[in-house]
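Okay, here's what each chain looks like letter by letter:
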Amino acid sequence: MSELTKADLYNEVGKRTPIFMRFSAAFLGKESPDQGPSPRGFAIKHYTKDGNYDIVGLNWPIFFCRDPMQGPDVFQSQQRNPEKSLDYNATFDFLANVPESNHAAMMLFSNHGHPKGWRKMNGYGCHTFKWVNKESQFVYVKYHFICDQGSEQLTWEEAKKKYGEDPDFSNRDLWEAIEKGEPVSWTAKVQVMKPEQADAAKLGFDPFDVTKIWPRMKFPMQDFGRLVLEKNLEKNPKDYHPYVEQSAFSPSSMVSGIEESTDMLLQARMFLYRDAQYHRLGVNFHQIQVNCPFMSSGSASMGFGGSGNTHYASNSSVNKFRPDTAEVPYEVSDNIVSRQSHYFTEGTHKEYDQARELYDRVMSDEARAALHDNTAALLKLVEYPNIQIRYLAQCYCINHKYAQAIYDLLPERAFDFGRVGEVAEDAPSFGKERKFMPFGKNHRLVGNPATIPTYQK
Ligand code: HEM
């Protein structure tokens, strides 16, 4: 990959980089049943010679919102209700009123919401990142980690049985496989987009919108490495608290050759994870062994500066400012100052195109039937018909058969299906403000390389 990125860890065939991985679930918080429906966390810490590089991803390639302000609500709506401890009103209320969330929701309520353990699921970086080469040229990339064990899911019935029998199934399964020396690995793949291709108007979707994927036909996957958890190379942690509980990942932990994109959600995450960790672990969390950049001998390492080492940059001995690692300039906005960024599909039926593709073309009849069953099993627990109607209206916009199938499975219905169709007419604009919808030419053309002026001497 050296033509695309100067990142040391991807630059040499056969190079091995030590990693630490943590898998997690989010739905209902810490008490989340191991096999219950949930987005699964897929977090990788690479200990590179340039410092630690974290990829903090999920078991599917999209997220529930693109507006960073809605990020906390994604999680709050999937957590316990403070008054009653539990209800599904909030979960479906959020999805009903954030049209773009229903692509990820379709994954959540499909059998991918309950993979058959950590080693039977794929991992995705979700966001668009930049890879930068030695000439400061960049491309946009998306990461995919395809499970070599084969991706397998449990049906809702199997999942319920499994989390009754063995509430720690996923952890146990992974632990035992590593202890027994069974192979646990993923093939690392990347999709590459040239900056000049990153034009939402031509692509039909915004490449920086984390609620959207890049079609594989247009942006093929390229293998670039393997992610391996093996006992003879790596090991199971010997003490859960310091090695697993206290690990701290952040999307801002990047190394030279890898940079962020204009995805606002990614940029927000680059700030907020450290704040959470200063609170959770304290200001010296970098010194906890699992977080320490032990492979680095540079400024990222934990060593002492020592006398004779100048304490400022730049200077005539060593330029600690490291212009070679500074970010490559790129256009992050046009001439509009707004929270609005990647809102190409905002308020329009284009929002549902990719979710419809997933439903109509990618899913088998069996997968669709499971999606309907799994969704109805939770939607029936929602107490307010209005939330059910608005949620089904979102599904209706994806495919009316999708909404109808879920509706038909609800045991009690306080409304006719015709009502869903009526409400669906306005569903793309639920929760949207006119001022955040796309308007004007060149309005959303961000992410192109900056024109760097040449200075006259
Ligand atoms: C604005 C939206 C988001 C917010 C507010 C948010 C918030 C958080 C917070 C506060 C943590 C705990 C950090 C810690 O204490 O170490 C966390 C963990 C995590 N987040 Fe997010 N997150 C957001 C979006 C995302 C997205 C888009 C992804 C995936 C692409 C993601 C994946 C993860 C994962 C995998 C973890 C667990 C990492 C670990 O094992 O420590 N989050 N998130």
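Notes on the structure in this doc start here. Small disclaimer: the values here were computed from a predicted structure and weren't measured. (Residues numbered from 1 in each chain as written. Predicted model: local features only at pLDDT ≥ 70, side-chain atom pairs only at ≥ 80, totals over all residues. Heavy atoms only, no water.)

The buried fraction of strand β3 (residues 51–58) amounts to eight of the eight residues, a majority that puts the element mostly inside the structure. As paired elements, strand β2 (residues 40–48) and β3 share eight bridges and run antiparallel to each other. From the neighbouring strand, Ile 44 faces β3, where its bridge partner is Ile 55. A loop of two residues connects β2 with β3, the two strands running antiparallel in sequence. (Buried < 20%, exposed > 50% of the residue type's maximum accessible area, 1.4 Å probe, protein only. Helix = DSSP H or I, 4+ residues; strand = E, 2+ residues; numbered from the N terminus. Pairing = 2+ DSSP bridges.)

Before going further, it helps to spend a moment on the site of the ligand. Lining the immediate surroundings of the ligand are 23 residues, of which Arg 22, Arg 269, Tyr 273, Gln 277 and Arg 280 lie closest. Tyr 273 has a polar side-chain atom sitting 2.7 Å from a nitrogen atom of the ligand. One nitrogen or oxygen atom from the side chain of Arg 280 is found 2.7 Å from an oxygen atom belonging to the ligand. Those elements that provide at least two residues to the shell around the ligand are β1 (19–25), β2, β3, α1 (71–76) and α8 (264–281). A per-element tally of the shell around the ligand places α8 first, with seven residues. Across the shell around the ligand, the residue classes tally to 14 nonpolar, six polar and three charged. (Near = heavy atom within 4 Å. Polar contact = N/O pair within 3.5 Å; in protein donor to acceptor, adjacent residues only side chain to side chain. Nonpolar A, V, L, I, M, F, W, Y, C, P; charged D, E, K, R; others polar.)

A word on the environment of Thr 211. Positionally, Thr 211 belongs in the loop between α6 (200–203) and β8 (221–228). Sequence separation of Thr 211 and Pro 61 is 150 residues, and the distance between their C-alpha atoms is 8.4 Å. Here Thr 211 is in contact with Ile 62, Phe 63, Phe 64, Cys 65, Arg 66, Glu 100, His 103 and Glu 351, once residues within four sequence places are set aside. Of note is the side chain of Thr 211, whose polar atom sits 2.7 Å from the side chain of Asp 209. (Contact = heavy atoms within 4.5 Å.)

Scope: geometric values only; no functional claims are made or implied.
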